[in-house]
Every structure is written in structure tokens, then in C-alpha cells.
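Residue-level structural notes
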Amino acid sequence: MDQTQDRLSTGKKVNSAIDNPSSYYTAQSLTNRASDLESLLDSMGQGIQTIQAANEGIEAITSFVEQAKAVANTARDTSMKAELESGGTFKALGTDEEATVTIKVGEKEYTATLDDADVAITNVVGALNTAAADSGITFAASADGAGIVAKLTAGAKEGTEASVSVSGLGAVGLSDMSGTINPDARNSSITQYNEIMEQINQLAADSSYKGVNLLKDGESLKIVFNEDRSSSITVQGKSADVTGLGLKTVSEADWSTNDGVDETITAIEGAVSKLRDMASEFGNNYSIVQTRQDFTENLINVLEEGAD
């Protein structure tokens, strides 16, 4: 009667080695394996979360990189032109006529003397650029060819007062020019860009799960799939900070020319490609671990049913 009640309460015909030694130890072996796999199942779940944390970091960093590209494009489209432009129409000077052009940038003055040989706008522009070679301003013909435009270069600093005064050049029609060099927009873009770079570094450092950060070079995660540890996968970490992505902070000198901004944009496009490769690799690892987790859950059920 006791034996029958024991079988009814457990739902098992064999509850000890006395009942049936062969069946008992076979069931015990299956139960033990199911228990071992159960502990590995928890490890797989934690591994999936670690990979997921890295993937979330990649998605956020990609958003930052795309934002940085937008800032760089804004800087690229921002004119570095000083608010100085001439008017009038260029005409030939008379024989032996001279004209003096004085360029003042900040506290420095530069003087160009033009004579009757300098009647073409290209010659006038050339004389001005020779005189003001280190002034931080370059001169070029205006789009309509009727005047001169003064453009900012890397040497001219934000807020610098600049002016061009003309003496004896009335026949040429070059009027006085004055204004303030104001590359605020590009300098503002530099500040914004560098702030984004700092946020990328911080986000990459914060993408860890239980002390493992797969967005850090040199880190790795090993996930074991079976009880004798002969089946596993190792997920290698990738450097997703600014240096690892091939990016860097920029200075006023870096973006003093459009070519400098273009170099940054090219580097950003390379960083986006690297991030996509990382996301693809982590996504593949995620799928592998997820499949093994599902398989292990099903195998545990088979083992438990077999033991019962």
C-alpha cells in the first residue's frame, strides 16, 4: 500500500534503485544532464543580453555618427567669406595713372599699388593677394566680374575687423570695403562636432552588461552550449569608440578649408561602414546563441520526459 501511494504521489513507477535499479539509474542520468543543461541555459540567456547590449550601443553610436555627418555638412556649406565686397565696373587707368589700395586686417595694414598695366581684374586681384599674403584674407573676382570679393582664410580669426580703402582708383571703380570677419557658424559646428565625439566615447564605454563590454577592443564573451564544454562560441569585442571608428576631434585649423571638412566627412562614412559590419557580426552571433538556446530548451524537455 505504501509503495502504491508513493507511486501515485510522484507519478513515477520507479522512485528508488530498489524498485528497478536499471531504470532508476538511467532516469537519474537523464535528469542530471537536464539539470546541467538548465544551468547552461541561464548562461546562454545572459550571453544573449550581453550581445543585445552591444547591439543597442552600436545603434546609438550610429545615430551619433550620422548626426556628426550632418554637422560636418553644415560646416561644409557654411561660407567662410568676410562681409566685404566691392562695387563698380573696372575700366582702364589712364597713362601713368596710379592707385593705392590699403588693406587693414586687425592692427596690420597691407598696401598694393596699381598702375596702368593693372587694368584687368585678374591683375588687380593678383596685386591685392600679393600685398595681403599673410593677412588672412584672399581676394577674387566677384561672380559678375564687376567687383572684388574678399574671402576669409585660416589666418583670419573670428571677429577680426577688416577693411579695404582705395586712393586714386576712381577710374577703376573699386569702392571702399569694410566689415567683420565672422566664421561663427563654422566654429560653432566644430564645437558641436567635438561634443558628439565625446558622447560616442562615453556611449561605447557604457555599453557593458554584467561587466562585459563587447564594444571595447580586447574584450570577449565565451558562451558554452553543452555540459562537457566541447561546444561553445566566442564573441570578440570590437572597438567602437572614436579612435576605433577612425574618427577624431577637429580644430579650427582642420576645418579652415572645405577640403579639411571633406576629409572628415569621408572618415565619417568609413565609420558608418565599420558600425554596419559590427552590427552584422553581432547579429549573426545573436542568432546562433538564440538557436542553441531554443535547442537546449527542447532537449531539456526531451530528457525530462525520457526520465519520467
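All figures in this text were calculated on a predicted structure; none of them were measured in a lab.

Overview of the overall build of the protein
- Regarding its fold elements, the protein presents 5 helices and 9 strands.
- Each helix (α) and strand (β) of the protein, taken in turn from the N terminus, gives the series α-α-β-β-β-α-β-β-β-β-α-β-β-α.
- Looking at the protein as a whole, 37% of its 308 residues qualify as buried.
- Long-range contacts, defined as pairs at least 24 residues apart, comprise 66% of the intrachain contacts of the protein with a sequence gap of at least 6.
- Summing over all exposed atoms, the protein offers an accessible surface of approximately 16,300 Å²; the carbon and sulfur share of this is 45%.

Focus: the pairing of strand S9 (residues 232–236)
- Going residue by residue along S9, you find Ile233 and Val235 tucked away on one face and Ser232, Thr234 and Gln236 left uncovered on the opposite face.
- Here strand S8 (residues 220–224) runs beside S9; their pairing, made up of 5 bridges, is antiparallel. The partner of serine 220 across the bridge, within S9, is glutamine 236.

Considering the pattern of salt bridges
- Enumeration according to the criterion identifies 3 salt bridges in this entry.
- The salt bridge partner of arginine 33 is glutamate 227, with a shortest N-O separation of 2.7 Å. With a gap of 194 residues between them, arginine 33 in helix H2 (residues 21–77) and glutamate 227 in the loop between S8 and S9 connect regions that are remote in the sequence.
- With its nearest N and O atoms 3.3 Å apart, the salt bridge here joins lysine 69 to glutamate 269. On the criterion of sequence distance, the pair formed by lysine 69 in helix H2 and glutamate 269 in helix H5 (residues 258–307) is long-range, its members being 200 residues apart.

As for the nonpolar core
- Within the largest apolar cluster, 49 residues are counted, with the highest numbers of intra-cluster contacts made by Ile61, Val65, Tyr193, Leu245, Leu247 and Phe282.
- When residues of this core are traced back to their parent elements, those giving at least two are H2, helix H4 (184–205), S8, S9 and H5.
- Looking at which element gives the most residues to this core, the answer is H2, with 15 residues.
- Leaving out residues up to four positions away in the same chain, valine 65 has contacts with Ile200, Leu245, Leu247, Ile268, Ala271, Val272 and Leu275.
- By size, the runner-up hydrophobic cluster in this structure holds 7 residues, among which are Tyr110, Val125, Leu128 and Ala132.

Section: the environment of threonine 26
- Its place among the elements puts threonine 26 in helix H2.
- For the pair formed by threonine 26 and alanine 307, sequence separation is 281 residues and the distance between their alpha carbons is 7.3 Å.

Focus: unusual backbone geometry
- Phi is positive for lysine 210, which is not a glycine, with a value near 55°.
- Of the residues examined, lysine 210 reaches a relative accessible area of 64% and is grouped as exposed.
- Of note in this structure, arginine 229 is not a glycine but carries a positive phi near 65°.
- Locating arginine 229 in the fold gives a position in the loop between S8 and S9.

Conventions used here
Residues numbered from 1 in each chain as written. Predicted model: local features only at pLDDT ≥ 70, side-chain atom pairs only at ≥ 80, totals over all residues. Heavy atoms only, no water. Helix = DSSP H or I, 4+ residues; strand = E, 2+ residues; numbered from the N terminus. Buried < 20%, exposed > 50% of the residue type's maximum accessible area, 1.4 Å probe, protein only. Contact = heavy atoms within 4.5 Å. Areas by Shrake-Rupley, 256 points an atom, 1.4 Å probe, with all protein chains shown as cover. Pairing = 2+ DSSP bridges. Salt bridge = Lys/Arg side-chain N within 4 Å of Asp/Glu carboxyl O. Core = buried A, V, L, I, M, F, W, Y, C linked by side-chain atoms within 4.5 Å.

Geometry only, nothing functional implied.
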